[in-house]
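Residues per chain, in single letters:
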Amino acid sequence: MRVKIIISCTLLVFLVTLTGCYYFNTLLEGVLINTVTNENAQSPTEISGVWSLAELTHIAEVIVVGKIVGIQSFYTDDDGWIVTDVQIQVEKSLKGIAPQQLAVRTLGGEVDNVVLKVTHEPHFSYGERAVLFLNLCSDVLSPLAGAFVTVGGFKGKLTLKDGRVAEMFPLTEPELLDIIQRLLKGEDIGEEPQFIPQEDPFVPNASGGVSPLSPYSYSDWRWPASAPIVRYYINPSGIVSSQQSLVISAINAASTAWNNVGSKFIFSYGGTTSRTARKDGYNIIEMRYNYRATGWPAKTSIWAYKKGSSNCYYYDVFECDMIFNLYYKWAIGSVSGYFDVQNIATHEFGHFLVLNDLYRPSSCEATMYGYTSTGETKKRSLEYEDKQGMLDIYGYR
């Protein structure tokens, strides 16, 4: 690929000899983004990102059936993150060697009415039972380093309730264990059971009830101002310097899509920064590190103060951070095997609004649909579900 740069007044026009390229919001399409450690960047071919049972079983070092007997949240040593240790009483080990009791660590939790919620992380409840696909986190820069973590985020926890698998209903517990045993033997299991995350697909209405007709998902978290202006900063240090401006333009185009809805909520770009994602009062979008094969191309952390009483809690958001995983390959535009920066950023900005992922098949065209794929760009443009959620939460300008 050959690139010529022509400067005319203050406009940079990028000409790329790549078949099928076209312009979108002054951004050149079809550009492959190079990272500082580009030799490690991967297309999600061996691991699809959807994390099938076959992938989970293959990748997990340890698979156990167990009961949650303890949950404790705490700050990391630098107070930048809240993590939660979940104590598991192991009932049965299906793969690997597991002690009778082990701890699984997740990002997020609550300490002294400060709450951190992180997308793609599993959620645990005291007393519940689950099948867990686990690995030891070897990422020395992660607050989860050295602890057992679920493979594939929330996909690595399958909740067992009344003899069935909650995320794969009506699959029974014996049927799931039989499938895993067959996969461990290398047998073909045919079509896999469908995975449906255990998240409320509806939105609480003004009276605190639930409206089953709501097109979006929301759970009483919001920025507290009547017309919030949320300023974000971009740390593009993991991208080669010659392409950082392209990435920044793509991310700003993503926030502009939400600003154009006409809500009182406004995103404002504050410039580049060397700050990283952690609790510090700044909303950081970070593209700097290879987090290995996580299954998520990007994730958002949401910090809030828990307020109210036991009868009616609500959460005032005070910070959001977005992290891109440079393990995967990135591009500007639709390129096979590459994630589109603008497509993913538009979805993650929806989490800044505290909109939840949608998993109903009827919402598959929405920006907040919970699954994505390489080459996808349809999340760049907002659908009815996305716009209505923003307007209902924050109102019209």
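Worth saying up front: this structure is predicted, and the values here are computed from it rather than measured. The written sequence of each chain sets the order in which its residues are numbered from 1. With pLDDT at 70 or above as the cut-off, local features in this predicted model cover only qualifying residues; side-chain atom pairs require 80 or more to be listed or tallied, and sums for whole chains, interfaces and linings still use all residues. Values reported for side chains reflect all heavy atoms of the structure, with hydrogen atoms and water molecules removed beforehand.

**Structural notes on the sheet that holds strand E5 (residues 31-33)**
Next, step 1: When DSSP locates at least two bridges between a pair of strands, those strands are taken to pair. Think of it this way: any DSSP run of H or I at least four residues long counts as a helix, any run of E at least two long counts as a strand, and we number them from the N terminus. The strand order across the open sheet built from three strands is E5-E23-E24, with neighbouring strands paired in mixed fashion. Each having just a single partner strand, E5 and strand E24 (339-340) make up the two edges of the open sheet.
Next, step 2: The pairing of E5 with strand E23 (residues 330-332) spans three bridges and is classified as antiparallel. Its bridge partner lying in E23, Val 31 is registered against Ile 332.

**A word on the pairing of strand E7 (residues 82-95)**
Next, step 1: Sheet topology places strand E6 (residues 62-75) next to E7; twelve bridges connect them, and they run antiparallel. Considered in E7, the bridge of Gln 72 is made with Asp 85.
Next, step 2: Here E6 folds back onto E7 in antiparallel fashion, the turn holding six residues, of which Asp 79 has a positive phi close to 60°.

**Description of the side chain of Glu 121**
Next, step 1: For Glu 121, the location among the structural elements is in the loop between strand E10 (114-118) and strand E11 (129-136).
Next, step 2: Any N or O atom pair separated by 3.5 Å or less is treated as a polar contact, with the protein-specific requirement of one donor-capable and one acceptor-capable atom, and with residues adjacent in sequence counted only for side-chain atom pairs. Within the structure, the side chain of Glu 121 is placed 3.0 Å from the backbone nitrogen of Leu 107, a separation counted as a polar contact.
Next, step 3: A distance of 3.0 Å separates polar atoms of two side chains, one belonging to Glu 121 and the other to Lys 299.
Next, step 4: We call two residues in contact when some of their heavy atoms are within 4.5 Å. Apart from residues no more than four positions distant in its own chain, Glu 121 is found in contact with Thr 106, Leu 107, Phe 154 and Lys 299.

**Let's talk about the pattern of salt bridges**
Next, step 1: By definition here, a salt bridge exists when the distance from a side-chain nitrogen of Lys or Arg to a carboxyl oxygen of Asp or Glu is within 4 Å. Summed over the entire model, instances satisfying the criterion amount to 14 salt bridges.
Next, step 2: The salt bridge involving Glu 128 is made with Lys 157; its shortest N-O contact spans 2.6 Å. Residue Glu 128 is located in the loop between E10 and E11, and its partner Lys 157 is located in strand E13 (residues 157-161); the two are separated by 29 residues in the primary sequence.
Next, step 3: Of the charged contacts in the structure, one is a salt bridge between Asp 316 and Lys 307, with a shortest N-O distance of 3.1 Å.
Next, step 4: In this structure Lys 307 comes out as partly exposed when scored by relative accessible area, which is 34%.
Next, step 5: Through salt bridges with shared partners, one network takes in Glu 91, Arg 129 and Glu 173. Note on classification: 1.4 Å probe, protein chains only; a residue is buried when its accessible area is under 20% of the maximum for its type, exposed when over 50%, partly exposed between these limits.

**Describing the packing of aromatic side chains**
Next, step 1: Each Phe, Tyr or Trp ring (for Trp, its six-membered ring) is paired with any other whose centre lies within 6.5 Å, and the angle between the two planes then decides the class: stacked below 30 degrees, edge-to-face above 60, tilted in between. Throughout the structure, instances matching the rule amount to 22 aromatic pairs.
Next, step 2: Ring plane angle 55° and centroid distance 4.7 Å describe the contact between Phe 267 and Phe 349, whose orientation is recorded as tilted. Remark: Phe 349 occurs in helix H4 (residues 341-352) and Phe 267 occurs in strand E19 (residues 266-272); sequence separation between them is 82 residues.
Next, step 3: Looking at Phe 267, the relative accessible area reads 4%, which means it is buried.
Next, step 4: A centroid spacing of 5.0 Å and a plane angle of 85° characterise the contact between Tyr 327 and Tyr 328, whose relative ring orientation is edge-to-face.

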